[in-house]
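# Structural overview for review
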Amino acid sequence: MKVCVGRREFLKGGLAAAGFLSLSGGRCFAAPAGWKPKGKPDLVVGILSDTHLQTGWDGVTPHKNFPHTYVTNAMKYFSARKIDAFMHLGDMAHRGKIAEAQYHRDIFDRFFSRKKVEKLLVVGNHEWFGEETGFAGASAVNIWKDPVERAKHTLCSNMPRRWEQVWGEKYEPVWHKEVKGFHFFGRHWDVDEMELANFINSKADEYSLRGTKPFFILSHKRNHFECCSALKEFPNAIAFCGHWHMSNADWKTVFFDEFGGFFPTIQVGACRMDGGNALDGRERITKGDLVDERDEPDENTDWPECKNPSRQGLVMSVYGNEAVVIERREFGGGGSLGPDWVFPIGEFGTSPYSRA
C-alpha cells in the first residue's frame with residue numbers, strides 16, 4: 001500500500017530527515033517506518049460529493065449535457081470494492097428537482113439492490129434550488145411556471161417528505177448512524193453547525209466517542225472554528241465535506257490547522273459532469289468552458305467538455321484503532337489520483353495532520 005505526502009521536496013527532504021522509510025515502495029505519510037495495516041479493513045465507505053445531475057426540459061429525462069456516466073462509474077467501482085456504506089456530501093440535485101435526486105437512487109439500486117449498503121447522506125445548497133430564479137436552462141422555475149405544479153417536482157416544496165420519498169431515509173436536521181460499530185454524524189445544509197456540535201457532545205457518553213476509535217462528521221460545507229472547538233475533546237474525529245470543488249490530487253484538501261488543529265476535515269472533490277475541480281482553491285485544472293445549461297431539446301450542439309476534466313471520489317477503509325486509509329479515484333477516464341493517504345489514529349496522535 002502506497003502512501004501520499006504531497007510535494008516532491010518534502011518527499012526528498014523532510015521525511016528522510018525525520019527517519020521515515022518506504023512502505024511497499026512508496027513514502028510513508030505520518031506513520032512509523034515499516035507500518036502496515038493488519039488484515040482486512042473493518043469498514044469500507046464509498047464517497048462522492050457535488051455530482052450535480054440535472055433533468056432536461058421535460059423535467060423527467062436527463063439533460064443531454066449532464067450525463068450519468070461518472071456517478072455510474074463510481075457506483076460500479078464502489079461495488080467492486082465491496083463497500084459497507086455510501087456517503088454523499090450534497091449537491092446531487094443540480095436544480096433541486098426530485099427527479100435529479102432520484103437519478104442517484106436509481107443508479108445506487110442498480111449496484112446495491114441485493115446487498116445492504118448503509119446510506120450516509122447530507123443535503124447541499126443545490127437541493128434547495130427548486131424555487132431559485134435567474135438560472136439559464138432547465139431550472140424548475142423555467143420548466144414549471146405554475147407554482148402549484150412546480151411544487152410537485154421540487155425537493156424544497158417539502159424536503160422531509162421528498163427526501164424520504166427518494167431515499168427511504170428520514171430527514172432529520174442532524175442525524176446519527178452506526179455502521180459496523182463506527183459512528184457517523186451529519187447535518188444538512190439548512191442546519192447551523194453548532195446544532196451538530198451540540199448533538200455530538202450530547203451523545204459522547206452514550207456512544208463512547210472519547211478515546212482513539214475514529215468517528216466521522218459529515219456536512220456539505222465545512223464546519224468552522226467555533227464548531228470544531230466545541231468538539232476539541234475528540235481528536236479521533238474525522239470530518240468530511242464537499243461544496244468547494246477542490247481537487248483531491250492536492251493534499252491541501254485536508255484541513256486541520258485552519259480551524260484550530262482539533263481534528264482533520266477532508267474536502268471531497270466534485271464528481272461533476274464537467275470535471276471542474278481546482279487546485280489550492282484557486283487554480284483551475286480544467287481549461288474548457290463549463291457545461292451549457294441553455295441547450296434546448298432540439299439543439300445538436302456539442303457539449304463543451306473541459307480539456308482536462310477530473311471527476312473524483314474517495315474510498316475510505318478503516319482499520320480498527322490503527323488507521324484510516326483514503327483511496328483517491330477519478331471516475332471519468334478512470335484510475336488513481338495518486339498514492340493512498342494514510343491517517344494514523346490512536347497511538348500515533350493527530351500531529352500528522354498539520355501542514356507544517
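All values reported here derive from a predicted model rather than from experimental measurement.

### A few points about the confidence of the model for the protein chain
Summarising the model, the protein chain shows a mean pLDDT of 84, and 80% of its residues fall at 70 or more. The low-confidence segment residues 296–306, where pLDDT is below 50, has 23 contacts with residues more than four positions distant or belonging to other chains.

### Digging into the nonpolar core
A general feature of soluble globular proteins is that nonpolar side chains tend to end up buried together. Core analysis: the biggest nonpolar cluster contains 33 residues, and Leu48, Met75, Phe78, Phe86, Trp163 and Trp167 have the highest contact counts within it. Elements that contribute at least two residues to this core include exactly strand E3 (43–48), helix H2 (69–80), helix H3 (98–112) and helix H6 (159–167). Once you skip the residues sitting within four places of it in the chain, Leu48 turns out to touch Val71, Ala74, Phe78, Phe86, Met87, His88, Leu89, Val268, Cys271, Gln312, Gly313 and Phe331. With 29 residues, the next largest nonpolar core counts Ile47, Val318, Val324 and Ile326 among its residues.

### Notes on the sheet that holds E3
Within a sheet, neighbouring strands are paired by backbone hydrogen bonds and run either parallel or antiparallel to one another. Sheet architecture is open: 6 strands sit in the order E5-E4-E3-E14-E15-E16, paired in mixed fashion. Edge positions in the open sheet fall to strand E5 (118–121) and strand E16 (341–344), since each of these has one partner strand only. When strand polarity is set aside, the average angle formed by the axes of neighbouring strands in this sheet is 20°. Bridge count between strand E15 (residues 323–330) and E16: 4 bridges; the pairing is antiparallel. Bridge pairing in E16 links Val325 to Val342. Contacting E3, strand E4 (85–88), strand E14 (312–319) and E15, H2 crosses the sheet at an angle of about 175° to E3.

### Topic: the sheet that holds strand E11 (residues 265–267)
The sheet built from 6 strands is open, its strands ordered E6-E7-E8-E9-E11-E10 with mixed pairing. Bordering the open sheet on either side are strand E6 (174–179) and strand E10 (254–255), each of which pairs with just one other strand. Relative to strand E7 (residues 182–187), E6 runs antiparallel, the two sharing 6 bridges. Paired with Lys177 across the two strands is Phe184, which belongs to E7. Lying over the sheet, helix H7 (residues 193–202) contacts E6, E7 and strand E8 (215–218), oriented at roughly 155° with respect to E7.

The rules we used
Residues numbered from 1 in each chain as written. Predicted model: local features only at pLDDT ≥ 70, side-chain atom pairs only at ≥ 80, totals over all residues. Heavy atoms only, no water. pLDDT = per-residue confidence, 0-100. Contact = heavy atoms within 4.5 Å. Core = buried A, V, L, I, M, F, W, Y, C linked by side-chain atoms within 4.5 Å. Buried < 20%, exposed > 50% of the residue type's maximum accessible area, 1.4 Å probe, protein only. Helix = DSSP H or I, 4+ residues; strand = E, 2+ residues; numbered from the N terminus. Pairing = 2+ DSSP bridges. Axes fitted to C-alpha atoms, helices over the stretch in contact; angles between N-to-C directions.

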